[in-house]
Amino acid sequence: MLDMKVIIVGGVAAGTKVAAKLKREDRSNEVIILTKSKEISYAGCGLPYYVGDVIKNKEQLIVNTPEKFSKLTGAEVHNEIEVTGLDREKKIIKAKDLKTGKEVVYPYDKLVISTGARPVKPPLKGIDLPGVYFMRTPDDAVNLKADIEAGKIKRAAVIGGGYIGLEVAENLALQNIKVSVIEMAPHILTGFDKEFAEYAEDHLAEHGIMVFSGTKLESIEGTDRVEKIQTSKKTMEVDAVIMSVGIRPNTEFLADSGIELLPNKTIKVNEYLQTNDENIYAAGDCVSVKNILTDKLVWSPMGSSANIEGRILAQNLNGKKIKFKGVLGTAVAKLPELNVGRTGLTEAAAKEMGFDAVSVITVEDDKAHYYAGAANFIIKLIADRKTLKILGVQVFGKGAVDKVVDIVVTAMSMRGTLHDIEDLDLAYAPPFSTAIHPIVHTVNVLFNKINGALETITPAEYLEGKGNGYAVFDSCSVATIEGAPYLELTDINGKLEGYDLDDRLLLVCNKGKKAYLVQNRLKYYGYTNTRVLEGGVTFNKVKV
């Protein structure tokens, strides 16, 4: 289509990607971006690291200025334009020029909505006090860092235990600020299963970041500046409050337009990223898209998917018919000395959706154990017991957890089963991985569990008390568990003295591997009721 006038409402990730791709494919397109902010594109995911002085210069946060972007792509950028309405019959966008205060109108042939989302600002007492910060734009990060450097902040409360909130908490701690995280949900990291979230909470506490989960922020107190907060559990003295309690899609201007919105106020799009109006498309944080596993619409506001959606959308505007495959809820984040990653369904969500979910937790070397810097991956792999379809993975570790997550993402995107990744020819050399890749090893362990060669108690089951009534045996590399008899694998050459063949025995080692070998040998000698504690003492707090 020649001489097509395309109005794009919103910049940052999806909007700028649409504009650049449109002009590359056909420079006859007239492309105009309308953005409420002064900037058109910035590194929102990098904001916590500017606060922590990992990113030194604020200029590094600005991906493109309006002038630079226009010169580079040929698209026009009209900044400080607030869109106020849409008239689909006349095919016009109504807006207000924030520089002049005048009402303006933009006609279009095709419209792209990429208005993104904004932080939730709860109606709390003290929410507008100096010392309350959000973390969505470069100005937010600049203001927070400036107050840190001015010595105004010694104690901070981060409200919200999602990825951004925890990344802000880590970076505040790097600046020697005493940090607490307040989370209203039962646990932080809601995309992880309970036992993983609890492990992360304990880990943060060990690194000086206290997590108060199941706790609601009730008010922010202070005279000229934040002095303390009142929560549902206690009062806390703080100099700063960083709000990270979620985001809302910027779709209010569509209220009377007839564009179909979902109950969460995101825009409903089809697989071509088209709304219920054939001339209007949408992408980025303001839309819900298909989940690859469930085929249901989900809200997955991530910069990565926004860029992919923008690129596909632009090609569809230019006459192609490319389907957006969907998302899996993939995420990765950096905490103090712990990287966390996940994709797909949690075990709890998989069971709620009717899958016959089975999981296993393994503790694997992230590279050859003898190589400098070797550490562990803690991996939870989830699959459907009957079909062996891969449903999700959760990974903790000091190393490149994203490698494990990305392998599983690839398999799940291709509707893969455990068989599809059990013998992959993955990269190996001592500095990078183990001879059998950690995810392949985890698949093998899960197969052993499914076929009955490995019988376990999961960490979640152990927390629920399912280990009660079992005699605990310590099979760690050295005696570790106080009060438990030590059982060395190589010493097992027959029946254990004092224990009958049908006694319930819980075998615990450092990671779970050695306990499996002990179980295997005990089974050979006739023991019928042994269980291995998945993750060993690395992941569990074991008491006798």
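The structure under discussion appears in the preceding block.
Keep in mind the model is a prediction, meaning the values are calculated, not measured.

**Student:** Tell me what's going on with the pattern of salt bridges, and back it up with residues and numbers.
**Tutor:** Tallying each qualifying case throughout the model produces 34 salt bridges. Where Lys152 meets Asp147, a salt bridge forms, and the shortest distance between an N and an O atom there is 3.6 Å. By relative accessible area, Lys152 is classed as partly exposed at 44%. In this structure, Asp239 and Arg155 form a salt bridge, with 3.9 Å as the shortest nitrogen-oxygen distance. Placement of Asp239 in the loop between strand S17 (235–237) and strand S18 (240–243) and of Arg155 in strand S12 (residues 155–159) is noted, with a sequence separation of 84 residues between them. Taking relative accessible area as the criterion, Asp239 reaches 15% and is therefore assigned buried. A residue is classified by how much of its surface remains accessible, and Arg155, at 32% relative accessible area, is partly exposed. Put simply, Asp193, Glu195, Glu347, Lys351 and Lys380 are held in one network by salt bridges that share partners.

**Student:** If you had to explain the packing of helix H1 (residues 14–25) against helix H7 (residues 303–317) to someone new, which residues and values would you point to?
**Tutor:** The geometry of a pair of packed helices is captured by two quantities: the angle between their axes and the separation between those axes. Where H1 contacts H7, the axes come no closer than 8 Å and their chain directions differ by 35 degrees. The two elements H1 and H7 cross, and the hand of that crossing is right-handed. Residues Ala14, Lys17, Val18, Lys21, Leu22 and Glu25 of H1 form the contact with H7, whose participating residues are Ala306, Asn307, Gly310, Arg311, Leu313, Ala314, Gln315 and Leu317. Of the residues assigned to the contact of H1 with H7, the class counts are seven nonpolar, three polar and four charged.

**Student:** With reference to specific residues and values, describe the nonpolar core.
**Tutor:** Membership of the largest hydrophobic core comes to 49 residues, with the highest contact counts inside it found for Ile8, Leu22, Ile93, Leu111, Ile113, Ile267 and Leu317. Setting aside residues no more than four positions away along its own chain, Leu111 makes contact with Ile7, Val9, Leu86, Ile93, Asn279, Ile280 and Tyr281. With 48 residues, the next largest nonpolar core counts Ile390, Val401, Ile407 and Leu496 among its residues.

**Student:** Outline the sheet that holds strand S26 (residues 357–365), supporting the account with residue identities and numerical values.
**Tutor:** One open sheet holds the five strands; their spatial order is S24-S25-S28-S27-S26, and the pairing between them is antiparallel. Taken across any chain shown, the strands that pair with only one partner, and hence form the sheet edges, are strand S24 (331–335) and S26. Each strand axis lies, on average, 10 degrees off the axis of its neighbour in the sheet, ignoring direction. Direction of pairing for S24 relative to strand S25 (residues 338–344): antiparallel, over a ladder of five bridges.

**Student:** Would you mind going over the environment of Gln315 in detail, with residue names and values included?
**Tutor:** With respect to the helices, strands and loops of the structure, Gln315 is situated in helix H7. Ignoring any residue separated from it by four or fewer positions in sequence, one finds Gln315 in contact with Lys21, Glu25, Lys320 and Ile322.

**Student:** Quick one: what's the story with the side chain of Asp193, residue by residue and with numbers?
**Tutor:** Structurally, Asp193 is set in the loop between strand S13 (178–183) and helix H6 (194–206). Classification of Asp193 as buried rests on a relative accessible area of 5%. At 2.9 Å, the side chain of Asp193 and the backbone nitrogen of Glu347 are in polar contact.

What counts, and where the lines are drawn
- Within every chain, residues take consecutive numbers counted from 1 along the sequence as written.
- Local features in this predicted model are restricted to residues whose pLDDT is 70 or higher, and side-chain atom pairs enter the listing and the counts only when it is 80 or higher, whereas totals over whole chains, interfaces and linings include all residues.
- To obtain the side-chain values, all non-hydrogen atoms of the structure were used and water was disregarded.
- By convention in these notes, a salt bridge is any Lys or Arg side-chain nitrogen within 4 Å of a carboxyl oxygen on Asp or Glu.
- Only protein chains enter the accessibility calculation, which uses a 1.4 Å probe. A residue is then buried if its area is under 20% of the maximum for its type, exposed if over 50%, and partly exposed in between.
- Each helix corresponds to a stretch of at least 4 residues labelled H or I by DSSP, and each strand to a stretch of at least 2 residues labelled E; elements are numbered beginning at the N terminus.
- Inter-axis angles, ranging from 0 to 180 degrees, are taken between N-to-C directions of lines fitted to C-alpha atoms, where helices are fitted over the stretch in contact.
- Left-handed describes a crossing in which the near helix is turned anticlockwise from the far one by less than a right angle; the clockwise case is right-handed.
- Contacts are assigned to residue pairs that have any heavy atoms within 4.5 Å of one another.
- In the scheme used here, Gly and all other residues not listed as nonpolar or charged are polar, with Ala, Val, Leu, Ile, Met, Phe, Trp, Tyr, Cys and Pro taken as nonpolar and Asp, Glu, Lys and Arg as charged.
- By nonpolar core we mean a set of buried residues, namely Ala, Val, Leu, Ile, Met, Phe, Trp, Tyr and Cys, connected to one another through side-chain atoms within 4.5 Å.
- For two strands to be treated as a pair, DSSP must find no fewer than two bridges joining them.
- By the criterion applied in these results, polar contacts are pairs of N or O atoms within 3.5 Å in which, for protein atoms, one can donate a hydrogen and the other can accept it, and in which residues neighboring in sequence qualify only through two side-chain atoms.

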